[in-house]
Amino acid sequence: MMRLGWLVMLSLLVTPGSSRGQDEAVEADRSRFFKESVRPILEQHCLRCHGADGKTRGGLDLTSRSGLLKGGDLGPAVDLESPGESLLIEAITYAGLEMPPTGQLDPDTIAILTDWVNQGVPYSGDDPDTPAQADEGEPEGAISDEDRRFWSFQPLQRPAMPDVEDSDWVRDPIDAFILHRLEAAGLSPAPEASKATLIRRLCYDLTGLPPTPDEVEAFLADQSPDAYEALVDRLLDSPHYGERWGRHWLDVVRYAETNSFERDNHKPNAWRYRDYVINSFNDDKPYDRFVLEQLAGDELDDTSAESIIATGFYRLGAWDDEPTDPPQARFDELDDIIMTTSQSMLGLTINCARCHDHKIDPIPQRDYYRFLAFFHNLKPYSYSEDHILTEIASDEEREAHQRALAERSQREAEIQEDLSTIESKLLATVPEPRRSNVRWGSFEARRHVLDGMAEAELSAEELASYRNLIEQWKAIPPVPPLPMALSAREHGAEAPQTFVLIRGSAHAPGEPVEPGFPEVLGSPEPVLPSPSTASDSSGRRRVLAEWIASPSNPLTARVAVNRVWHYHFGRGIVRSPNDFGFQGDKPTHPKLLDWLAAEFIQEGWRFKPLHKRIVMSSTYRMSSRGNAEALAQDPENDLFWRFNLRRLSAEEFRDAMLVVTGTLNPKMGGPSFYPEIQKAYLAGQSRPGAGWGNSSKEEQARRSIYIYIKRSLVTPILASFDAADTDFSCPVRFATTQPTQALSTLNGPLLHEQAGALSARVRQDVGEDLEERIRRVLQLVTARSPSAEEIERGIALVDEFQHDHDVDDDQAFHLFCLLALNLNEFLYLD
């Protein structure tokens, strides 16, 4: 009762006038809070992209409360009913969205904006006060100093190696950078992996193939201090190294041998580019030269067959051979080149600025078309050979070719001289004007008419002579054509004018532009060569290539070493290898990334020294063993406190089976082969079976990198285990786990065929003793000696197949081999 009385008295004291006064005071406080605390944050960090001069990236305008509540492309920025679930809160706390993209705000600033959202995002009372626009007077798309301060746009500098407490763990400066972060977090690196684990890891990592039992035994027995280094050197010298690491680059440049779309026709000689990549890695070609050859191999001073083949880079993308809008399709083709070049070599998504200013990165639309201007003079992909093919024969090959043609012509002339009398007799019966057409037609054209008349018009002796001469003509071996390369070709020395296309439409040209580099990087304007009537190209691509391959480019080396790190550890120091922009992931170890990039350049842009440095480190040699404290603190292994377990890639899985079963054909290079594919898969094409050849069993046993890559018909085992998407640059392969994988590995014809080959190999190796056969299978598959318990379980399983499922010894052992090829220990790598 007393409490109720107090409430009644309070209600009498609080008059409507005093309530209004309190509301006004609250509004004044909120207005002052906005002006003094919130507005400066918006002006410093937000308005440049979301309000300055009407620029609203992502459709979001923060200059008024109504614009904030309306939101942008992702919806309202603030949820007044559930403020904590607002997109603005998600963005500033980096809980999915990440704004501002230049780096997360400090905790005090986040607290101010969170408080502002909880207050209902007041601006300045009922009449919203528009904050001052940042960079007043700057044109739309202008690049700010803050943009240029972004980490990946900074000049590359070599950081000093940090100090660590446990210096004994440091084998290489890499380890110091990793350990410094671990010690700061109170964590310790995982213990070193066993020698058996390390040889298997190294062999797959550097060659994509498993070690043989003999190699494992020899490595385990070698107690010399340089045994590990000797193994590393041997693997880097192996020709299989180029096949393994070349496959990674082929992922990035969307390598395929067909054009996609309905017909998905063949790209002639695309395999030469694949071999160029493999050979480049095996030769340890400097990466700057590798870039130059692919972008401008036909424009270099020392042009060669190899550098011409390298320009096949431009021809690997999808091509619509019957577009509904040819002009637009032409710019789609150029967009594919821009996307692949900028993402693979610069880690920039310049392609996102095709229709408008980039929504996230400081790349205005004008920069996109300045970049396009470097490629604008390229002849479009076509069925016409002079657009896409270049002869690459050596002088010796041309001379041999001319001799072969002369010898063939001479032999044809000799036969024709003997044939002429009989042909004249047959031609006499052919009425004019057809007779003249036949007389001067080709050998094949004459046969089409005269062969049908020969039996009726010639005597038996003449007919026999005639047929003998025809067979002699047909027996003359054909002269192989000179080698050709799928390559870049330009229209000539004079490049066409490039225009900004309004909303990306080929039918709406805007302002003209000249070739240029992304403005945010602050590079000088390119100096373009003067057109020369003696040249077949404009030389513009070489200017671009030299800029990309320059040590002063802040992106190229960083992107390259990050890719190498990614393939060694399962994720890059930057987790988004194709995107070093604002929307990409920030480096977990930025100083390590810069140190590696500086070392890479100093070592002559060579990959093999970089590989060796990484795999020799203590960081690489850690086990994948878990640690409760580290798992709780760093479940994503951002600090690299252990080595990440991984599944074999699709190609590794198939190749490893061929090694284990003893059927691998080590032949390298040359035209691709066609694996056998079941009719059910072929039936799924628009033209079932079209464009799929028949290769011999010997050819089908080659490594997976030599499989013919048809965009509309991916080899089933590769498709099941997440082969690269060839329509776009594929920087990361995600390892999925799905039922179709187990179904194909337990029931598919390839695995059963390989299980049969494994069974036959083991019987040949150790004879018929079941225990020895089980031991040998497990030794081959796991690259270690099996335990007595594992052998006993294998024997029991074979016995169960025989007695409980009524299968004979051969079939029971076949099923055991099939099971062994399905073991997780075979499919996964520690």
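Look up: the structure comes first, before these words.
Residues numbered from 1 in each chain as written. Predicted model: local features only at pLDDT ≥ 70, side-chain atom pairs only at ≥ 80, totals over all residues. Heavy atoms only, no water.

Here the focus is the packing of aromatic side chains. Per the stated rule, a full pass over the model turns up 45 aromatic pairs. Pairing Tyr 276 with Phe 290 gives two aromatic rings, centres 5.9 Å apart and planes at 15 degrees, and the pair type is stacked. Of this pair, Tyr 276 sits in helix α12 (residues 270-282) while Phe 290 sits in helix α13 (residues 287-296), and the two are 14 residues apart along the sequence. Seen from their ring centres, Phe 600 and Phe 607 are 5.2 Å apart, and the 35 degrees between their planes marks the pair as tilted. As far as burial versus exposure is concerned, Phe 600 and Phe 607 are alike and both buried. Linked through ring pairs, Tyr 241, Trp 249, Tyr 255, Tyr 273, Tyr 276, Phe 281, Tyr 287, Phe 290, Phe 600, Trp 605 and Phe 607 together constitute an aromatic cluster. A cation sits over an aromatic face here: Arg 621 above Tyr 228, 4.0 Å from the ring centre. The ring centre of Phe 813 lies 4.5 Å from the NZ or CZ of Arg 773, which sits over that ring. (Phe/Tyr/Trp six-rings, centres within 6.5 Å; stacked < 30°, edge-to-face > 60°. Helix = DSSP H or I, 4+ residues; strand = E, 2+ residues; numbered from the N terminus. Buried < 20%, exposed > 50% of the residue type's maximum accessible area, 1.4 Å probe, protein only. Lys NZ or Arg CZ within 6 Å of the ring centre and 35° of its normal.)

Quick look at the environment of Ser 280 now. Mapped onto the secondary structure, Ser 280 falls in helix α12. Ser 280 sits 38 residues away from Gly 242 along the chain, and the two C-alpha atoms are 7.4 Å apart. For Ser 280, the contacting residues outside a window of four places in its chain are Lys 285 and Phe 290. A distance of 2.8 Å separates a polar atom in the side chain of Ser 280 from the backbone oxygen of Tyr 276. (Contact = heavy atoms within 4.5 Å. Polar contact = N/O pair within 3.5 Å; in protein donor to acceptor, adjacent residues only side chain to side chain.)

This part is about helix α23 (residues 556-569). Spanning 14 residues, α23 covers 20 Å between terminal C-alpha atoms, matching the ideal 20 Å at 1.5 Å per step. Extensive coverage of α23 is indicated by the burial of 14 of its 14 residues. Remark: Gly 570 follows α23 within two positions and exhibits a positive phi of approximately 90 degrees. (Expected span 1.5 Å × (residues − 1).)

Looking now at the environment of Pro 480. Looking at where Pro 480 falls in the secondary structure, it is placed in the loop between α21 (460-475) and β2 (484-486). On a C-alpha basis, the gap between Pro 480 and Ala 404 in space is 9.0 Å, while along the polypeptide they are 76 residues apart.

When the charged atoms of two side chains lie near each other, side chains of opposite charge can form a pair. For the structure on display, the rule yields 63 salt bridges. Residues Arg 711 and Asp 727 are paired through a salt bridge, measuring 3.5 Å at the closest nitrogen-oxygen approach. Remark: Asp 727 occurs in the loop between α31 (716-720) and α32 (739-747) and Arg 711 occurs in the loop between α30 (697-700) and α31; sequence separation between them is 16 residues. Residue Arg 711 is classed as buried on the basis of its relative accessible area, which comes to 11%. In this structure, the salt-bridge partner of Asp 765 is Arg 776, at a minimum N-O distance of 3.2 Å. In this pair, Asp 765 is assigned in helix α33 (residues 749-766) and Arg 776 in helix α34 (residues 770-782), connecting sequence segments eleven residues apart. Assessed through its relative accessible area of 38%, Asp 765 is described here as partly exposed. By sharing partners, the salt bridges in this structure join Lys 285, Arg 289, Glu 293, Asp 302 and Glu 306 into a single network. (Salt bridge = Lys/Arg side-chain N within 4 Å of Asp/Glu carboxyl O.)

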